[in-house]
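# Structural features, examined
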Amino acid sequence: MRLGNNSLLQPLWDNVRLNNRDALRSPLFPIVLTVSSYFVFCLPFLVCDITGDRWPWVQKFKIQPSRRPTPSMLLHCAGVTLYNHVFLVLPASVAQWAWRPPVDLPAQAPTVLELVSGVIGNLLLFDFQYFIWHLLHHRIRWLYVTFHAIHHNYSSPFVLATQCLSGWELVTVGFWTTLNPVILNSHLLTTWIFMALHVYVSIEDHCGYDFPWSTSRWIPFGIYGGPSQHDVHHQKPNTNFAPHFSHWDKIFGTHADFRFSTAKS
């Protein structure tokens, strides 16, 4: 939506761009954004896991109520995440800072339509890429055992299991998240919103809770999977390979209804 030649987002973009120019131009900014978003978005779900039965009104939304993460499970996933950030994310960040020049900030903001369509387009492209990657890493045993099995240590997902990943999987996910906005020629504001939203929905998929405000409850016609659908994948690993949407699993015959998780629990 534009008024004349100006986007409705122009005042917001001008304020962000002009008041935070040096920080936003840094090659480190997308990394800082995604890493900080991850820990901030994890925190509320982590509190739910730690409080357990002390908050019955929260626990009634637990997808597998009889299976809660133990302290050792939380510490294991936190350790894997810390290891990956120290030995993969940090060196990549230093390399970005050393080798990439500061980015140019466009003067023009995206239109609302450009921003929304760009975010959805990036999510859909990632959904396709990860669906193929995920399917192959389940169907080819060497790939599964070598790279993906660590993520399936737990058949009842919880928030810190989101990044309980092998280094190869973390690098692959990070590569697509960075490359896709370039492929789609996304505006920087669109790119940053996509990155933050992608972090959130990934966490929500693994949180182990299906709250009334879950993203899947806001998107009609069953086109978006959400935490219940991904919970089924961890219970029944040859189903629901797509990370967010459900169309690829339905096309390839790997979709499983989330009611399986209710029966299982």
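The shown structure was predicted, so the numbers you read here are calculated from the model rather than taken from an experiment.

It is worth spelling out the overall build of the chain at this point. Counting secondary structure elements, the chain contains 13 helices and two strands. Its C-alpha radius of gyration of 19 Å places the chain within 12% of the 18 Å reference for a compact globule of 265 residues. Across its three principal directions, the C-alpha atoms of the chain cover 55 × 40 × 40 Å. Counting only residues that meet the buried cut, the chain has 49% of its 265 residues in that class. Sequence separation of 24 or more characterises 73% of the internal contacts of the chain that already satisfy a separation of 6 or more. If the 17 positive side-chain charges of the chain are averaged to one point and the 14 negative ones to another, these points end up 5 Å apart.

The next subject is helix α1 (residues 10-19). Among the residues making up α1, those that are buried are Q10, W13 and R17. One side of α1 carries all its buried residues, which in axial view fall inside an arc of 65 degrees. More than 90 degrees from the buried face of α1, the exposed residues found are P11 and N19.

So, about the nonpolar core. In terms of nonpolar packing, the biggest core is built from 21 residues, with C77, F158, V159, L160 and I203 touching the most fellow members. Among the elements of the structure, α3 (29-51), α5 (71-99) and α9 (188-206) are those that each provide at least two residues to this core. For this core, the element with the most residues is α3, which contributes five residues. L160 has contacts with Y38, L46, L74, C77, A78 and T81, leaving out every residue within four places of it along the chain. Judged by nonpolar contacts, the second largest core, of 18 residues, contains W13, L123, L188 and F245.

Let us look at the packing of α3 against α9. At a closest axis distance of 9 Å, the pairing of α3 and α9 adopts a crossing angle of 30 degrees. As the angle between them shows, α3 and α9 are arranged roughly parallel. Relative to α9, α3 is oriented so that their crossing is right-handed. Residues F29, P30, L33, T34, S37, Y38, F41, C42 and F45 of α3 touch α9, and the partners they reach there are W192, M195, A196, V199, Y200 and I203.

What follows covers the pattern of salt bridges. With the rule as written, the count across this model stands at three salt bridges. We note a salt bridge from D14 to R17, for which the minimum N-O separation is 2.9 Å. In this pair, D14 and R17 both sit in helix α1, three residues apart, roughly one turn of the helix. Residue classification places R17 among the buried positions, given a relative accessible area of 13%.

Moving on to the packing of α5 against helix α8 (residues 167-183). For the pair α5 and α8, the least separation of the axes is 11 Å and the interaxial angle reads 50 degrees. Here α5 lies oblique to α8, going by the angle between them. Classified by chirality, the crossing of α8 by α5 is right-handed. Residue-level inspection shows N84, L88 and V89 of α5 in contact with α8, the latter providing G167, L170 and V171. When its residues are assigned to classes, the contact of α5 with α8 shows four nonpolar, two polar and no charged.

All right, on to the side chain of N122 then. Along the polypeptide, N122 turns up in helix α6 (residues 112-139). Those residues in contact with N122 that sit more than four places away from it in its chain are N180, P181, L184, S186 and F194.

The next subject is the packing of aromatic side chains. Counted by the stated rule, this structure contains 22 aromatic pairs. Where F29 meets W192, the ring centres are 4.9 Å apart and the plane angle is 75 degrees; that geometry is what we call edge-to-face. One end of the pair, F29, is in helix α3; the other, W192, is in helix α9, with 163 residues separating them in the sequence. Since its relative accessible area comes to 8%, W192 is described here as buried. Aromatic pair Y209 and F211: ring centres 5.3 Å apart, planes at 10 degrees, arrangement stacked. Following the ring pairs from residue to residue traces out a cluster consisting of F45, F61, Y209, F211 and W213. One cation-aromatic arrangement involves K62 over Y209; the distance from NZ or CZ to the ring centre is 5.3 Å.

The rules behind each value
Residues numbered from 1 in each chain as written. Predicted model: local features only at pLDDT ≥ 70, side-chain atom pairs only at ≥ 80, totals over all residues. Heavy atoms only, no water. Helix = DSSP H or I, 4+ residues; strand = E, 2+ residues; numbered from the N terminus. Rg over C-alpha atoms; globule rule 2.2 N^0.38 Å. Buried < 20%, exposed > 50% of the residue type's maximum accessible area, 1.4 Å probe, protein only. Contact = heavy atoms within 4.5 Å. Lys, Arg positive; Asp, Glu negative; His and termini not counted. Charge placed at Lys NZ, Arg CZ, Asp CG, Glu CD. Arc of directions from axis to C-beta. Core = buried A, V, L, I, M, F, W, Y, C linked by side-chain atoms within 4.5 Å. Axes fitted to C-alpha atoms, helices over the stretch in contact; angles between N-to-C directions. Parallel < 35°, antiparallel > 145°, perpendicular 65-115°, else oblique. Left-handed = near helix turned anticlockwise from the far one by under 90°. Salt bridge = Lys/Arg side-chain N within 4 Å of Asp/Glu carboxyl O. Nonpolar A, V, L, I, M, F, W, Y, C, P; charged D, E, K, R; others polar. Phe/Tyr/Trp six-rings, centres within 6.5 Å; stacked < 30°, edge-to-face > 60°. Lys NZ or Arg CZ within 6 Å of the ring centre and 35° of its normal.

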